[in-house]
Amino acid sequence: ILPLHLSPASGPLLTTHLPAPELTEAAAELGHTHVALDRDGIARGTYLRSGLGNRLWPSLALATAGGSLVADTDLQAAPYVNIRQGYRAVPLAGPAGSVTTYSYADVLSAPPSPDRFRNKTIFVGATAAGLGDILPTPFAGSGQPLSGVEFHANAYSALADNTLISRAPLGLSLLLAAAALVALVLTLPRVWPGQAFGVCLLLAFSLLAAQATLLVTANLWLSVAHAVIIAILAIPVSTALRLAMA
């Protein structure tokens, strides 16, 4: 399985960069190696399919698992527009080095026993700083940014174990926050001041518990930050309103 990438060739328009023709013809599949960076610049996931126009390439992990190039006839995009579908967050095994790694030179000069690699999926790539792509991940705070090849190995492992994480739509999170606000507005005026504190904390912990349950049981990430912040801020706001009324 060989990688490809999308980038400008000459000028502002994107193009698909494939391996050399001889390698492309010999490869079982091709997969894109693009990793999605969140707004804070941290790499947490990838798009399962990405391409120009309606030709969508699988990610390297999906191609390794058997995915292939598809032509989405429902897309009416220009042939130079990057289309990305199927974002999934990757539950990383840990910081750099968490995935078993062998030096390419050592494998050639003193290969380990064949049992080490039998029935295994092997990702080959550069891990040394300056030789390949280095990605900031949630573990980068420990001073160990992750190499691109290890990120894709993590993505394939999660895909094989069916643990890739989907993100719930932002609209659902905002709807949950609005529901929390309405529930507090209707509930807090009807309870004693001491009970209001408990009601707000109970709502906040219930939201966090629901988020953890969805993540563990359905591999779904639902952002409850807006609703939790409303529940926490409701404590001082409710107290201030009661003092003003008194």
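Criteria and thresholds
- Residues numbered from 1 in each chain as written.
- Predicted model: local features only at pLDDT ≥ 70, side-chain atom pairs only at ≥ 80, totals over all residues.
- Heavy atoms only, no water.
- Helix = DSSP H or I, 4+ residues; strand = E, 2+ residues; numbered from the N terminus.
- Contact = heavy atoms within 4.5 Å.
- Pairing = 2+ DSSP bridges.
- Axes fitted to C-alpha atoms, helices over the stretch in contact; angles between N-to-C directions.
- Core = buried A, V, L, I, M, F, W, Y, C linked by side-chain atoms within 4.5 Å.
- Buried < 20%, exposed > 50% of the residue type's maximum accessible area, 1.4 Å probe, protein only.
- 1 Å grid on protein atoms, 1.4 Å probe; cavity = no way out; pocket = protein on both sides within 12 Å on 5 of 7 lines; lining within 4 Å.
- Points joined across faces, edges and corners; volume = space filled by probe spheres on them.
- Nonpolar A, V, L, I, M, F, W, Y, C, P; charged D, E, K, R; others polar.
- Parallel < 35°, antiparallel > 145°, perpendicular 65-115°, else oblique.
- Left-handed = near helix turned anticlockwise from the far one by under 90°.
- Salt bridge = Lys/Arg side-chain N within 4 Å of Asp/Glu carboxyl O.
- Phe/Tyr/Trp six-rings, centres within 6.5 Å; stacked < 30°, edge-to-face > 60°.

Participant: What am I meant to see in the side chain of Gln211 here?
Facilitator: Of note, Gln211 is situated in helix α6 (residues 193–218). In this structure Gln211 touches Leu220, Trp221, Leu222, Ser223 and Val224, once residues within four positions along its chain are discounted.

Participant: Would you take a moment to explain the sheet that holds strand β2 (residues 14–17) for this structure?
Facilitator: For sheets, the rule is that strands pair by backbone hydrogen bonds, running either parallel or antiparallel. A sheet is described by the order of its strands in space; here 3 strands give the open sequence β2-β1-β3, paired in mixed fashion. Both outer strands of the open sheet, β2 and β3 (30–32), are each paired with one neighbouring strand and no more. Along the sheet, successive strands turn relative to each other by an average axial angle of 30°, direction set aside. One ladder, built from 3 bridges, connects strand β1 (residues 2–8) with β3; its direction is parallel.

Participant: Whenever I open this one, the nonpolar core confuses me. Can you help?
Facilitator: Soluble globular proteins tend to bury their nonpolar side chains together. Counting residues in each nonpolar core, the largest one holds 17 residues, and the members touching the most others are Leu184, Leu188 and Cys200. Breaking this core down by element, the ones donating at least two residues are α5 (170–187), α6 and α7 (225–245). Considering every element that reaches this core, the biggest residue donor is α7, with 5 residues. The contact partners of Leu184, leaving out residues within four places of it in the chain, are Pro189, Val199, Cys200, Leu203, Ile230, Ala231 and Ala234. Counting residues in each nonpolar core, the second largest holds 14 residues, with Val35, Ala43, Leu48 and Leu62 among its members.

Participant: What should I look at first to understand the layout of surface pockets in this one?
Facilitator: Once rolled over the atoms, a probe with the size of a water molecule shows which space is left empty. Each pocket or cavity is described by its volume, and for the largest pocket that value is around 810 Å³. Residue lining of the largest pocket: 28 residues in total, with Val99, Thr100, Thr101, Ile122 and Phe123 positioned closest to the centre. Put simply, the parts of the chain that give the lining of the largest pocket at least two residues each are α3 (104–109) and α4 (148–160). Tallying contributions element by element places α4 first for the lining of the largest pocket, with 7 residues. In terms of residue class, the lining of the largest pocket is built from 17 nonpolar, 8 polar and 3 charged.

Participant: Help me understand the environment of Leu52, please; the structure alone is not making it clear to me.
Facilitator: By secondary structure assignment, the location of Leu52 is in strand β5 (residues 43–52). The buried category is assigned to Leu52, whose relative accessible area is 10%. Distance in space between the C-alpha atoms of Leu52 and Thr15 is 7.5 Å, their sequence separation being 37 residues. Here Leu52 is in contact with Leu6, Leu14, Thr15, Thr16, Pro79, Tyr80, Val81 and Asn82, once residues within four sequence places are set aside.

Participant: Got a minute to help me understand the packing of α5 against α7 in this structure?
Facilitator: Two quantities define a packed helix pair, namely the angle between the axes and the distance from one axis to the other. Relative orientation of the contacting elements α5 and α7 amounts to 20°, with a least axis distance of 8 Å. Viewed along their axes, α5 and α7 adopt a mutual orientation that is roughly parallel. Considering only the axes of α5 and α7, their crossing is right-handed. Counted together, Leu170, Leu174, Leu176, Ala177, Ala180, Leu181 and Leu184 of α5 and His226, Ala227, Ile230, Ala231 and Ala234 of α7 form the full contact between these two elements. Class assignment of the residues belonging to the contact of α5 with α7 gives a composition of 11 nonpolar, 1 polar and no charged.

Participant: Help me understand the pattern of salt bridges in this model?
Facilitator: Charged atoms that come close allow side chains of opposite charge to pair. Summed over the entire model, instances satisfying the criterion amount to 4 salt bridges. Ionic pairing is found between Asp40 and Arg44, a salt bridge with its closest N-O pair at 3.0 Å. Judged by relative accessible area, which is 48%, Asp40 ranks as partly exposed. Residue classification places Arg44 among the partly exposed residues on the basis of a relative accessible area of 27%. Among the charged side chains, a salt-bridge network with shared partners connects Asp38, Asp40, Arg44 and Arg167.

Participant: I would appreciate a short explanation of the packing of aromatic side chains in the present structure.
Facilitator: What characterises a pair of aromatic rings is the spacing of the ring centres plus the angle enclosed by the ring planes. Throughout the structure, instances matching the rule amount to 3 aromatic pairs. For the pair Tyr102 and Phe117, a centre-to-centre distance of 5.2 Å together with 85° between the ring planes defines the contact as edge-to-face. Of the two residues, Tyr102 is situated in the loop between β8 (82–89) and α3 and Phe117 in the loop between α3 and β9 (134–135); the sequence distance between them amounts to 15 residues. Since its relative accessible area comes to 27%, Phe117 is described here as partly exposed. Arranged with centres 5.9 Å apart and planes meeting at 50°, the rings of Phe123 and Tyr156 form a pair that is tilted. One end of the pair, Phe123, is in the loop between α3 and β9; the other, Tyr156, is in helix α4, and 33 residues separate them in sequence.

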